Amino acid sequence: MKKISGLLLMGCSALALAGCGADDISSPGAGSIDVDITNPTPTPTPTPGTGLVEAATDCPAIGATGGLTNSGTVSGPEGTWRVCTLPSLIDASTTLPKVDGVLYRMNGRVDVGCDGGLTAPTTGAPFSTTTLSCGGRSLTSDTNVTLTIEPGVIVYGQNGADPAWLAVNRGNKINAEGTLAQPIIFTTYENVRGTATEATDGRWGGIVLMGRGIITDCTAGGSTTAGTCERDTEGSANPAVFGGKDNTYNAGIMKYVQIRFSGYVLGSNTELQALTTEGTGTGTTLEYIQSVNSSDDGAEFFGGAVNMKHYIAVNADDDSLDIDTGLQGNFQYVIIAQRAADGDSLMEVDSNNNEDQTPRQRTVVANFTAIQTGVNNNSNNAAIFARGNADLTLVNGVVYAPQDECIRVNGTGTTATRATLTAQSVVMTCASSGTFLGTGSYANADVQAAFNAGSNNNAAFTSTLASTFVNGANEAGVVAYANIKSLSSYFDAVTYIGAVKDAADIWYRGWTCDTATANFGSNSACTALPVT
């Protein structure tokens, strides 16, 4: 049953985690989306020295054709802001500068450059781009547009005829590198106006990075055997195609970024979430990213090769970490916190049943703390759910799901093709009614045997987590997996399990915002905006 966004949820102080369903499965989430684009009458300019924001006199100049549109002012609890609306197409490398009293607005979809196709076009092999805002241009090279966003910038989405979302097309990049003190914030109009609550979600689309990495499940043509597989972005009304042969593809950098109140369900089985990567590669930098109140997944990763550290997902309404279509993924330092009795799985790994397709989806999630205090809203899924042609490795992890099964593995094919599970130094607190769930060609005992085959695992662990996600005495007593570098050179060799070693380990503090589900000690509520 779909949850209607904006419905006030009681008991927000309870822990919970949410994720987003796989590419072929519609999961709970979505809801009413504001489509009016009328700015309120501004309140009088605050008196200097009051600590409230004062609107800038005008919008800055940027490199894209047409520049920014001065859309007047908007007022909220923090003061009055100048609203500078982005063009629908950023056709030249552009910087959004940090300017006091300025908010940047997305009114519908904003494209960064034009899609350059499966491989970079040349004069000998031009490509007619399918990006609608590019008008069918014939490209003889990538448009090579980079959107740079300075630390401290706030960008908000406001849905018009189409959902507001940022589409970084193949052959183009994003450079969104905030700082510990000044993260970049992507949010919604309601957050600006001060009407966003702990229950608000699904108010704009999110951020989508498209690349030329290798994928499976070719919905937009090609084949996996020929290396020509392409897919269209889930939830996109107009073409936003990804895929190719390059698992080193560089879609840019996102670091010290918050993505708030996002997620958009366009129709059945078609959703956008806070962050979506699609065929991006190891050249892309993803670090220190927080997803807050996404009505779909916290983040979803379609194919390609992803390396990511310091990822936080709070209150996702579907899966908090969703990975599929041939992804080669490495994730380290992951905090997932879900509302009680809300959201789907903490992790959903490969969302289809195409077990014979290659490349197989191979993902390692290391040093994670995943919390789901209630039963998730899909009774068929456990806290962690793997299926299809996924090979999932869990390392140095803490799972706290006392009302739910902890791990479900589903198989529909043969032993040689079905999903696999490997666990090393993973401890779990699960429902007394059952810890492991095997479906399809898997029995419960098969899943349990796979878990028990690893070292230092405990499926009947007594959690002593402090401050929601910080290791306590029992977690500190678990021996970490010593050979993590053998899984990928990307990983840091650590001597502890979980995402947060102890009270002195505060990598999550300062660049994040706080919710009732998880307080990160940043002294910055996700329902408010910073004024400096």
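Everything that follows concerns the structure shown earlier in this document.
Computed from a prediction, not measured in an experiment: that's the story for all the values here.

Structural notes on the nonpolar core
If you look at the biggest cluster of nonpolar residues, it comprises 77 residues, and the most contacted ones within it are Met254 and Ile407. Non-local contacts of Ile407, meaning those with residues more than four positions away in its chain, are made with Ala382, Ile384, Leu394, Leu421, Met428, Thr435, Phe436, Leu437, Val447 and Phe451. Within the second largest apolar cluster, 19 residues are counted, among which are Tyr256, Val314, Val494 and Phe520.

Looking at the sheet that holds strand E26 (residues 347–349)
As summarised here, the arrangement of the 11 strands in space is E3-E6-E11-E14-E20-E22-E24-E26-E28-E30-E32, forming an open sheet in which the pairing is parallel. Taken across any chain shown, the strands that pair with only one partner, and hence form the sheet edges, are strand E3 (89–90) and strand E32 (436–440). Bridge count for strand E30 (residues 407–411) against E32 is 5 bridges, and the pairing is parallel. Within E32, the position partnered with Arg408 by the bridge is Leu437. Sitting on the sheet, helix H2 (residues 444–452) touches E30 and E32, and the angle it makes with E32 is about 125°.

What to know about the pattern of salt bridges
Two side chains with opposite charge may pair up if their charged atoms get near one another. A full pass over the atoms with the stated rule returns 11 salt bridges. Where Lys309 meets Asp492, a salt bridge forms, and the shortest distance between an N and an O atom there is 3.0 Å. With Lys309 in strand E23 (residues 305–314) and Asp492 in the segment after helix H3 (473–476), this residue pair connects regions lying 183 residues apart in the sequence. Its relative accessible area of 29% is what places Asp492 among the partly exposed residues. With its nearest N and O atoms 3.6 Å apart, the salt bridge here joins Asp391 to Arg362. Separated by 29 residues along the polypeptide, Asp391 in strand E29 (residues 390–401) and Arg362 in strand E27 (residues 361–372) bring together distant segments of the chain. The partly exposed category is assigned to Arg362, whose relative accessible area is 44%. Shared partners join several salt bridges into a network, and the residues in it are Asp115, Arg170 and Glu230.

Section: the pairing of E27
Look at any regular strand and the pattern is simple: side chains alternate between the two faces of the sheet. For E27, the tally of buried residues reaches 11 of 12 residues, placing the bulk of the element in the interior. When strand E25 (residues 328–338) meets E27, the two strands line up parallel, connected through 10 bridges. Paired with Gln338 across the strands is Gln372, a residue of E27. Pairing of E27 with E29 involves 10 bridges; the strand directions are parallel. Note that in E29 the partner of Ala370 across the bridge is Val399.

Analysis parameters
- For every chain, the first residue of its written sequence is number 1, and the numbers climb from 1 along that sequence.
- Confidence filtering applies because this is a predicted model: local features only for residues at pLDDT of at least 70, side-chain atom pairs given and counted only at 80 or more, and all residues used for totals across whole chains, interfaces and linings.
- Note: side-chain values were computed over all heavy atoms of the structure, leaving out hydrogens and water.
- Take the buried residues of types Ala, Val, Leu, Ile, Met, Phe, Trp, Tyr and Cys, join any two whose side-chain atoms come within 4.5 Å, and each joined set is a nonpolar core.
- The classification of residues rests on relative accessible area computed with a 1.4 Å probe and restricted to protein chains. Under 20% of the type maximum is buried, over 50% is exposed, and intermediate values are partly exposed.
- What makes two residues a contact is simply this: any of their non-hydrogen atoms within 4.5 Å.
- When DSSP locates at least two bridges between a pair of strands, those strands are taken to pair.
- Secondary structure elements follow DSSP: runs of H or I of four or more residues count as helices, runs of E of two or more count as strands, with numbering from the N terminus.
- To obtain an axis, a line is fitted to C-alpha atoms, over the contacting stretch when the element is a helix, and the angle between two such axes runs from 0 to 180 degrees between their N-to-C directions.
- Between Lys or Arg on one side and Asp or Glu on the other, a salt bridge is scored when a side-chain nitrogen of the former is within 4 Å of a carboxyl oxygen of the latter.

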